[in-house]
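Residues per chain are reported as follows:
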Amino acid sequence: MQAINVSIGVDQRLWAQDLRGSRAHCRMLIDQGIVTAEDGAAILGGLDAVQAEFEAGTFPFRDEYEDIHLNVEARLSELIGEPSGRLHTARSRNDQVAVDFRLWVRDACDRSVAQLQALQRALLTRAEQHAGDLMPGFTHLQTAQPVTLGHHLMAYVEMFGRDAGRFADARARMNESPLGAAALAGSPFPIDRHATAADLGFERPMGNSLDAVSDRDFALETLAAASITAGHLSRFAEEIVVWMTPMFGFATLPDDLTTGSSIMPQKRNPDAAELVRAKTGRVLGAFVALSTVMKGLPLAYSKDMQEDKPPVFEAMDALDLALTAMTAMVSAFRPNTERMAEAAGWGFSTATDLADWLVREQNLPFRQAHHVTGAAVKRAETLGVGLAQLPLTELQALHPGVTQDVYKVLTPEASCASRQSFGGTAPEQVRARIAEWKARLP
């Protein structure tokens, strides 16, 4: 029973939140006259002594006290004696763990937002450096249209901005205090739940004691935000892996962010990117695990909920490391801008520009222009040239109105420069969006 019941190996990392919640509860008990000032002072002093032991690494964790709450309570009793027993007045382990876990997850949201903003700042720096450098834009991993590397990097600035917003939204929704809900029905003592909520930085106490101790939707919402963030990190990591292949040759990472091979001395493996990609499995798995734990529980508390913390801790640790690694890679990767610019013109990437020119200059319906352009691509393939090298006579054979001016739009540089719509890849638009994000980020 002890083996299956004990959780101190996992929840000991909640010690700071447990002490914080206990201090707030104790101060409220003193203010409400539920415990005497003398006993309250002894409790607060004892909690300070316990904290000193945690910080020094000397706190005596013991499995016979199954969780962090009982470990702290037992140690407090050893340090101050009888007054320690008054701390648990008007409180249950159910609302105690709920407030501790909520405080931890709230702090984790704050850390994730800060890390995402650091990653965004790194991306902005690199995007500004390469706002005008050409690269191919892809759909289906096939060359589609020319874009700039700055524009490509800014796509991730937008994604990670939404990720930060999801964590901020989750934090705002979870910012209610369960403390004072007691086991499930509230307390008969004249407690002040608004006071403890304010003391702990919550907006308000939770409005239903059953809900306060029995739900973990705040953790699930945080894991959902973490899962989406991990997905975005994985997509970027995959691109770094692809870019570093000799077949692409778009970028390299320094030696301190790659590894070698045990038998192939020429290898420079993008292991940091691959591991960021792999962390997504842990994060998404944590969301599934906690969802499965919670899905069939009747109100209010069940011991199943002891399994809420391992997946959350594991997921947020994995995300923390992935964000740190990705920020390092963004800051350090070296793009091969010449190779990217060359590739920007491959695969008839300016075909859409030819179609757009036919619409603008020849007043063709777009579908007809699309047909003419497709025929031009086939002819260029037959001749083994790009669209910009296709003779004017060949283009005029497909549509007699084509003039020499068409060649002004058939280069990757011209294609990018023409995309002046808001959010487009024109360097001026990219730089404007960079400036907007710089002003927005703290």
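In this report, we go over the structure that sits alongside the text. Treat the numbers as computed from the prediction; the structure is a model and nothing was measured.

Cut-offs used in this document
Here the residue numbering is sequential within each chain, running from 1 through the sequence in written order. pLDDT decides what is reported in this predicted model: residues at 70 or higher carry local features, side-chain atom pairs at 80 or more are listed and counted, and totals for whole chains, interfaces and linings draw on all residues regardless. To obtain the side-chain values, all non-hydrogen atoms of the structure were included, while hydrogens and water were left out. Secondary structure elements follow DSSP: runs of H or I no shorter than four residues count as helices, runs of E no shorter than two count as strands, and numbering proceeds from the N terminus. Contacts were defined at the residue level, with two residues in contact if any of their heavy atoms lie within 4.5 Å. Any two strands with at least two DSSP bridges between them are considered paired. A fitted line through C-alpha atoms serves as each axis, taken over the contacting stretch for helices, and the angle formed by two N-to-C directions is quoted from 0 to 180°. Throughout, the term roughly parallel applies to angles under 35 degrees, roughly antiparallel to angles over 145, roughly perpendicular to angles from 65 to 115, and oblique to all others. Here is the rule for handedness: rotate from the far helix to the near one, and if that takes an anticlockwise turn smaller than a right angle the crossing is left-handed, while a clockwise turn gives right-handed. Amino acids outside the nonpolar list (Ala, Val, Leu, Ile, Met, Phe, Trp, Tyr, Cys, Pro) and the charged list (Asp, Glu, Lys, Arg) are all regarded as polar, and Gly is one of them. Note on definitions: salt bridges are taken to be side-chain nitrogens of Lys or Arg within 4 Å of carboxyl oxygens of Asp or Glu. The buried label goes to any residue with under 20% of its type's maximum accessible area, the exposed label to any with over 50%, and the partly exposed label to all in between, with areas taken from a 1.4 Å probe on protein chains only. Helix span, expected: 1.5 Å multiplied by one less than the number of residues in the helix. Arc definition: directions from the helix axis to the C-beta atoms. Residues belong to a common nonpolar core when they are buried Ala, Val, Leu, Ile, Met, Phe, Trp, Tyr or Cys residues joined through side-chain atoms within 4.5 Å. Any N or O atom pair separated by 3.5 Å or less is treated as a polar contact, with the protein-specific requirement of one donor-capable and one acceptor-capable atom, and with residues adjacent in sequence counted only for side-chain atom pairs. Pairing of aromatic rings covers Phe, Tyr and Trp, the last counted by its six-membered ring, and requires centre-to-centre distances within 6.5 Å; plane angles under 30 degrees mean stacked, over 60 mean edge-to-face, and any other angle means tilted. Any Lys NZ or Arg CZ found within 6 Å of a ring centre and within 35 degrees of that ring's normal is scored as a charge over the ring.

**Digging into the environment of Gly249**
Tracing the backbone through its elements, the reader meets Gly249 in the loop between helix H10 (217–243) and strand E5 (251–252). With residues up to four places along the chain from it excluded, the contact list for Gly249 reads Trp243, Asn336 and Arg339.

**With respect to the pairing of strand E1 (residues 134–139)**
Regular strands place their side chains on alternate faces of the sheet. Bridge analysis of E1 against strand E2 (residues 142–148) gives 6 bridges, and the strand direction is antiparallel. Bridge pairing links Phe138 to Thr143 in E2. Linking two consecutive strands that pair antiparallel, namely E1 and E2, is a turn of 2 residues; a positive phi of about 60° is found at His140 within it.

**As for the packing of helix H6 (residues 93–129) against helix H18 (residues 427–440)**
The description of two helices packed together rests on the angle between their axes and the distance between the axes. Interhelical geometry of H6 versus H18 gives an angle of 150° and a closest axis separation of 10 Å. What the angle tells us is that H6 and H18 run roughly antiparallel. In this structure, H6 meets H18 at a crossing whose hand is left-handed. For the pair formed by H6 and H18, the contact residues are Gln120, Leu124, Ala127 and Glu128 on the first element and Ile434, Trp437 and Lys438 on the second. Its residues assigned to classes, the contact of H6 with H18 shows 4 nonpolar, 1 polar and 2 charged.

**Details of the pattern of salt bridges**
On inspection of all chains with the given rule, the structure shows 26 salt bridges. When the shortest N-O distance is used, the salt bridge between Glu238 and Arg277 registers 2.4 Å. Taken together, the residues Glu238 in helix H10 and Arg277 in helix H11 (residues 271–294) connect sequence positions 39 residues apart. Judged by its relative accessible area of 33%, Glu238 is partly exposed.

**Quick word on helix H4 (residues 37–56)**
The end-to-end C-alpha separation of H4 is 29 Å, in line with the 28 Å expected for 20 residues at 1.5 Å each. Restricting attention to buried positions, one finds in H4 the residues Asp39, Gly40, Ile43, Gly46, Leu47, Val50, Glu53 and Phe54. End-on view of H4: buried residues confined to an arc of 135°, all on one side of the axis. For H4, exposure combined with an orientation more than 90 degrees from the buried face picks out Glu38, Glu55 and Ala56. Looking at the buried side of H4, the elements it contacts are helix H3 (15–31) and helix H5 (68–80). Just downstream of H4, Gly57 is the residue with a positive phi angle, here 75°.

**Focus: the nonpolar core**
Grouped together as the largest cluster of nonpolar side chains are 86 residues, with contacts concentrated most on Leu123, Phe167, Leu233, Trp243, Val312, Met326 and Met329. At 14 residues, H10 tops the list of elements feeding residues into this core. If you look at the next biggest cluster of nonpolar residues, it comprises 20 residues, including Ala369, Val377, Leu395 and Val406.

**Re H11**
A rise of 1.5 Å per residue sets the reference length of H11, with its 24 residues, at 34 Å; its end C-alpha atoms lie 35 Å apart and thus fit the reference within 8%. For H11, the set of buried residues is Ala272, Ala273, Val276, Thr280, Val283, Ala286, Leu290 and Met294. On its buried face, H11 sits against helix H9 (209–214), H10 and helix H12 (309–332).

**Concerning the side chain of His69**
Secondary-structure assignment places His69 in helix H5. The exposure class of His69 is buried, given its relative accessible area of 4%. Side-chain polar atoms of His69 contact the side chain of Asp100, separated by 3.3 Å. Once you skip the residues sitting within four places of it in the chain, His69 turns out to touch Asp18, Arg93, Gln96, Val97 and Asp100.

**Regarding the packing of aromatic side chains**
Counting across every chain of the model gives 12 aromatic pairs. Members of the aromatic cluster, connected to one another through ring pairs, are Trp15, Phe54, Phe59 and Phe61. Geometry around Phe202 places Arg106 over its ring, the cationic atom sitting 4.6 Å from the centre. The aromatic ring of Trp437 is capped on one face by Arg440, whose charged end is 4.0 Å from the ring centroid.

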